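Chain residues, written in single-letter form:
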Amino acid sequence: MQKTWWKESVVYQIYPRSFKDSNGDGIGDLRGILEKLDYLQTLGINVIWLCPVYKSPNDDNGYDISNYRDIMTEFGTLAGWEELLAGMHQRGIRLVMDLVVNHTSDEHPWFVEARKSKDNPYRDYYIWRPAKDGKEPNNWASIFGGSAWQLDEASGEYYLHLFTRKQVDLNWENPKVRAEVFELMRWWLDKGIDGFRMDVINMISKTPGLPDAPVVSASRYQPGGLHYMNGPRVLEFLDQMKREVLSKYDILTVGETPGVNTAHAIALTDENSGALSMVFQFEHMDLDSDPAAFSSRASKRPWQLSELKEIMSRWQVGLGERGWNSIYLTNHDQPRAVSRFGDDGQYRVQSAKLLATFTHFQQGTPYIYEGEEIGMTNVAFPSITDYRDVETLNIFKELVEDHGLTPETALNILHAKSRDNARTPMQWDASPQAGFSSAAEPWIKVNPNYAHINVSAALADPDSIFYYYQKLIQLRKANPVMVYGRYELIMAEHPEIYAFTRALEGERLLVLLNFSGSTALCELPAGLAFSSAEVLIGNYPAQPGEDARSFVMRPWEARVYRLG
Ligand code: ISL
Ligand code: CA
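Residues numbered from 1 in each chain as written. Chains lettered and ligands numbered in written order. Predicted model: local features only at pLDDT ≥ 70, side-chain atom pairs only at ≥ 80, totals over all residues. Heavy atoms only, no water.

Caption draft 1: Focus on the nonpolar core. Counting residues in each nonpolar core, the largest one holds 153 residues, and the members touching the most others are Trp81 and Phe515. Once you skip the residues sitting within four places of it in the chain, Phe515 turns out to touch Trp303, Leu305, Leu308, Phe341, Leu354, Leu355, Phe358, Glu496, Tyr498 and Trp556. (Core = buried A, V, L, I, M, F, W, Y, C linked by side-chain atoms within 4.5 Å. Buried < 20%, exposed > 50% of the residue type's maximum accessible area, 1.4 Å probe, protein only. Contact = heavy atoms within 4.5 Å.)

Caption draft 2: Quick look at the pattern of salt bridges. Under the defined criterion, the tally for this structure stands at 39 salt bridges. Here Glu534 and Arg562 are joined by a salt bridge, their closest N and O atoms 3.3 Å apart. Of this pair, Glu534 sits in strand E20 (residues 533-538) while Arg562 sits in strand E22 (residues 558-563), and the two are 28 residues apart along the sequence. Accessibility expressed as a relative area gives 44% for Glu534, which makes it partly exposed. (Salt bridge = Lys/Arg side-chain N within 4 Å of Asp/Glu carboxyl O. Helix = DSSP H or I, 4+ residues; strand = E, 2+ residues; numbered from the N terminus.)

Caption draft 3: Fine view of the site of ligand 1. In the vicinity of ligand 1 there are 19 residues, among which Asp60, Asp199, His332, Asp333 and Arg419 approach most closely. Glu256 is positioned such that a nitrogen or oxygen atom in its side chain is 3.1 Å from an oxygen atom of ligand 1. Within the complex, the protein chains bury 89% of what would otherwise be the 500 Å² of accessible surface of ligand 1. Grouping the amino acids of the shell around ligand 1 by side-chain chemistry returns eight nonpolar, three polar and eight charged. (Near = heavy atom within 4 Å. Polar contact = N/O pair within 3.5 Å; in protein donor to acceptor, adjacent residues only side chain to side chain. Areas by Shrake-Rupley, 256 points an atom, 1.4 Å probe, with all protein chains shown as cover. Nonpolar A, V, L, I, M, F, W, Y, C, P; charged D, E, K, R; others polar.)

Caption draft 4: Molecular detail of the packing of aromatic side chains. What the rule picks out here adds up to 34 aromatic pairs. A ring pair is formed by Phe282 and Tyr328, whose centres lie 6.3 Å apart and whose planes are at 65°; its orientation type is edge-to-face. Here Phe282 is found in the loop between strand E13 (278-280) and helix H9 (305-319), whereas its partner Tyr328 is found in the loop between strand E14 (326-327) and helix H10 (337-341), with 46 residues between them in sequence. Across the pair, exposure class does not vary: Phe282 and Tyr328 are buried alike. Aromatic pair Phe515 and Trp556: ring centres 6.2 Å apart, planes at 65°, arrangement edge-to-face. Pair noted here: Phe515 is in the loop between strand E18 (507-514) and strand E19 (520-523) and Trp556 is in the loop between strand E21 (550-553) and E22, with a separation of 41 residues, a long-range link. Exposure remark for Phe515: the relative accessible area of 8% places this residue in the buried category. (Phe/Tyr/Trp six-rings, centres within 6.5 Å; stacked < 30°, edge-to-face > 60°.)

Caption draft 5: Spotlight on the pairing of strand E16 (residues 486-490). Both E16 and strand E17 (residues 497-504) contribute to a ladder of five bridges, which runs antiparallel. In the sheet register, Leu489 faces E17, and the bridge partner there is Phe500. Counting the residues that bridge the hairpin from E16 to E17 gives six residues, and of these Met491 lies at a positive phi of roughly 50°. (Pairing = 2+ DSSP bridges.)

Caption draft 6: Seen up close, the domain arrangement of the protein. In terms of domain boundaries, the protein breaks down into domain 1 (1-98 + 330-377 + 447-481), domain 2 (109-168), domain 3 (175-207 + 224-324) and domain 4 (485-562). Counting residues at the interface gives 21 residues for domain 1 and 26 residues for domain 4. Around 2,100 Å² of area is buried between domain 1 and domain 4 when both sides are counted, 69% of it from carbon and sulfur atoms. Our enumeration of links across domain 1 and domain 4 arrives at eight residue pairs in polar contact (both at pLDDT 80 or more). Of all elements in the fold, only helix H11 (348-361), helix H15 (465-478) and helix H16 (480-484) reach the threshold of two or more residues within the side of domain 1 that touches domain 4. No other element matches H11, which puts eight residues into the side of domain 1 that touches domain 4. Across the side of domain 1 that touches domain 4, the residue classes tally to eleven nonpolar, seven polar and three charged. (Domains from an automatic or database assignment. Buried area = accessible area lost by both parts, 1.4 Å probe.)

This is the structure:
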């Protein structure tokens, strides 16, 4: 396996709108991030993935871009961005920018031109179709609700939008579109950035002819993923991108790829032939959803440890020495990790540390989402009017109006699943608005638990979640086995404990994680031969006199041994 800096890195994801507001308008901004770089350097991360900061009318908080070569007014200026990049590089932190090129804003000049007339030179930058039987060209549902097609009154044709109607899908079949994208990528790379996170990059190739999706529900529109995820030309388009752009730079590229299996992911990330460094797979993000629901975020069910083991192990072994995994439990679209996979009540601290142990000891590049390092939790806003996310608002409407749920039941699902769980402001201290902003009302409310969950409290407590993450990151820098070691699941059938080993050139680690709020008996398998076991890290004090092969793990206990 080749050794590269991006395999050895730990990435920290910033959602700029919610990170730090420097000028009191209630919206996080670039200067706010600059103010907090020392904090991130203390944490020890190597790379920052910055969610979109480009000009945008903010229908989807920057995932609807109207100018790829300028900065969102609320966030600052291009000069401010240059200063931020320099500030990162001075501290040895690399910058990965978000690349959103499956779609543009409907306010992007290309689309403004395209909708002027059917023979406009930009018309073919997007995907247009006439009505079929007086209705939409096909039955695809938008991922954010309703039809994936919007009628353009002027020309009488529909345009395709897999997300909101203000996020118009680009026509990647058009070589001019690809050339434009490659050019804007070079523009940023030449400014010295260190990579891209590519938004829904496996959705850029649609099935030719755009056929109807199979009917799986009574809804008017059907999930069309079959016809736009991992489509026929994705690899070809990305190979061209690699040839013309990516291969010329030493960068980290991570594709956001919902609906990929390990075979797709290997094709995308193969050491020699793949176009990308790694991808985000989503299987473990669906563990707590009803597969029949119209959106994974519109339903909830308890998740099973056996399923988590199965999924993660399949990815660990599947990509093994051929591709490369990115490891994450949350991001700006997902609930908070500790609320979803841990316990955000009594065992918040212990379970947050256990989850951190999990992500840092899997094979792959770990991603930390802002606030995860202090154990920030989901929020349960009392009213739908407190929510801001366009998807959340659409799901609420659909659940209540089309599926007949009471507003209380719909809110209850969104308390667990809303993307706004991840978007409440970063909790810096116990002052008003959690030290995020001096505004009386930030763009979204802070989580009321900021009084005790905040950075300043974490920095003052040597036993905090923050310092545990710091230690994990240091350990990963010092122990190549954490990065490159081969993964093997052990004790697969254990109902509470997730156990695995990592091995590299005669070195071996044993990772034991009690994913439950009760004690669990750990009896190591006889086949696991070792003469000594030194504790590398753990989230509880040692239990003197304990048997080395059969012992009780405490609620949410995590331990890692170096085996001799
Ligand atoms: O496709 C999905 C489920 O089948 C979604 O979970 C999808 O993966 C996700 O919404 C894609 O997210 C990315 O693109 C969106 C943007 O709203 C998200 O914030 C971004 O991460 C559209 O650009
Ligand atoms: Ca601001």
